[in-house]
Amino acid sequence: MLSPIQPSWVPPNVAFEIDDASQNWTWPDSTFDFVHIGVLTGCIHDLNHVYREAYRCLNPGGWIEHQKASCKWTSDTCGIPPERPIGQAIQLFSEAGKKTGRTFRVVEDDIQRNGMEQAGFVGLTSKDIKIPLGGWPEDPQEKQLGLLCSEALLGDIEGQLANLNCCNVFFDRYMLISVKAIRSMFVRQSMGGLRMKL
């Protein structure tokens, strides 16, 4: 699934097409050498179907990559209590996945590996990456990554929480979570980060 915002200049072996990855894919068997999946959290009802279609459409020996960050924020220095704004947001994402059938727990429930294995993929490898949030790391590169990631995350926190409200299921609880309080807590504490699984 792509939104129509792709660049007009691309290498000759790259093309972007808009399609619905949750449906049966329109491409014939053995079409691609590489399938990349990313940022589909809360978008797909059946990731196993997506993996089966990717397997079918990949050439023998082809590769699949699914990058997925956990929606659960973690902290190395302190816990994130469920009653705090960030803790409430984490709970809302989990509840949203249950109510819509589009899980936000892809990393926590190991859906990637299980689904790919069931689809027929072999030789799977996974890599867990800790993504810092904020400027707390002492390493200059980690610090820069943490600042960039926190800007990206906090720059869209309203949109992420409003996304949960698409069916008006969470409106009351969403309104109780103060985006300002999330930002404030985020800035005051040395937040650990997100877990990303490749």
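Preceding block: the structure.
Residues numbered from 1 in each chain as written. Predicted model: local features only at pLDDT ≥ 70, side-chain atom pairs only at ≥ 80, totals over all residues. Heavy atoms only, no water.

Trainee: Honestly, the overall build of the protein in this entry has me stumped. Any pointers?
Mentor: Looking only at helices and strands, the protein has seven helices and four strands in total. Counting from the amino terminus, helix and strand elements in the protein follow one another as β-α-β-α-α-β-α-α-α-α-β. In the protein, of all internal contacts separated by at least 6 residues, the share reaching a separation of at least 24 is 71%. Looking at the protein as shown, the accessible area adds up to about 11900 Å², and 55% of this sits on carbon and sulfur atoms. (Helix = DSSP H or I, 4+ residues; strand = E, 2+ residues; numbered from the N terminus. Contact = heavy atoms within 4.5 Å. Areas by Shrake-Rupley, 256 points an atom, 1.4 Å probe, with all protein chains shown as cover.)

Trainee: I would appreciate a short explanation of the pairing of strand β1 (residues 32-38) in the present structure.
Mentor: Look at any regular strand and the pattern is simple: side chains alternate between the two faces of the sheet. In this structure, β1 lies alongside strand β2 (residues 58-69), joined through six bridges in parallel fashion. Looking at the pairing, Phe-34 lines up with Trp-63 of β2. Following the backbone out of β1, through helix α1 (residues 47-57) and into the adjacent parallel β2, one traces a crossover that is right-handed. (Pairing = 2+ DSSP bridges. Right-handed = clockwise from strand over helix to strand, strands pointing away.)

Trainee: How should I be thinking about the packing of aromatic side chains in this particular structure?
Mentor: For any pair of aromatic rings, the description consists of the separation of the ring centres together with the inter-plane angle of the planes. This structure, assessed with the given rule, holds four aromatic pairs. Ring centres of Trp-27 and Phe-32 lie 5.2 Å apart, and the angle between their planes is 70°; this geometry places the pair in the edge-to-face category. We classify Trp-27 as partly exposed; its relative accessible area is 21%. Among the aromatic residues, those joined into a cluster by ring pairs are Trp-25, Trp-27 and Phe-32. (Phe/Tyr/Trp six-rings, centres within 6.5 Å; stacked < 30°, edge-to-face > 60°. Buried < 20%, exposed > 50% of the residue type's maximum accessible area, 1.4 Å probe, protein only.)

Trainee: Would you explain the packing of α1 against helix α3 (residues 111-119) in this entry?
Mentor: When two helices pack together, their arrangement is captured by the angle between the axes and the distance separating the axes. α3 packs onto α1 with a crossing angle of 45° between their chain directions and a minimal axis gap of 8 Å. Here α1 is positioned oblique relative to α3, judged by the angle of their axes. Judged by the sense of rotation from one axis to the other, the crossing of α1 with α3 is right-handed. Counting all contacts with α1, which are made through Leu-47, Asn-48, Tyr-51, Arg-52 and Tyr-55, the residues of α3 involved are Ile-111, Gln-112, Gly-115, Met-116, Gln-118 and Ala-119. (Axes fitted to C-alpha atoms, helices over the stretch in contact; angles between N-to-C directions. Parallel < 35°, antiparallel > 145°, perpendicular 65-115°, else oblique. Left-handed = near helix turned anticlockwise from the far one by under 90°.)

Trainee: What should I look at first to understand α1 in this one?
Mentor: Residue pairs spaced three or four apart in an α-helix point in one direction, given the helix's 3.6 residues per turn. Among the residues of α1, those classed as buried are Leu-47, His-49, Val-50, Tyr-51, Glu-53, Ala-54 and Cys-57. Residues of α1 that are buried sit in contact with β1, β2 and α3.

Trainee: What exactly am I supposed to notice about the nonpolar core here?
Mentor: Soluble, globular proteins show a tendency: their nonpolar side chains are buried together. Trp-25, Val-35, Ile-37, Tyr-51, Ala-54, Ile-64 and Phe-121 are the most contacted members of the largest nonpolar core, which totals 17 residues. Contributions of two or more residues to this core are made by β1, α1, β2 and α3. With five residues, the top contributor of residues to this core is α1. Dropping the residues within four chain positions of it, Val-35 is found in contact with Trp-25, Ala-54, Leu-58, Trp-63, Ile-64 and Glu-65. Core analysis: the next-biggest nonpolar cluster, separate from the first, contains seven residues, Ile-80, Ile-86, Ile-90 and Leu-133 among them. (Core = buried A, V, L, I, M, F, W, Y, C linked by side-chain atoms within 4.5 Å.)

Trainee: Please explain the pattern of salt bridges as it appears in this structure.
Mentor: Once their charged atoms are close, side chains differing in charge can pair, the charge on each being opposite to the other. According to the stated counting rule, one finds five salt bridges in the structure shown. A salt bridge links Asp-46 to Arg-52; its shortest N-O distance comes to 3.7 Å. Judged by relative accessible area, Asp-46 falls into the partly exposed class, the value being 35%. In this structure, Arg-113 engages Glu-117 in a salt bridge whose closest nitrogen and oxygen atoms are separated by 3.5 Å. Here the residue Arg-113 and the residue Glu-117 both occupy positions in helix α3, the gap between them amounting to four residues, near one helical turn. (Salt bridge = Lys/Arg side-chain N within 4 Å of Asp/Glu carboxyl O.)

What is shown is where atoms sit, not what they do.
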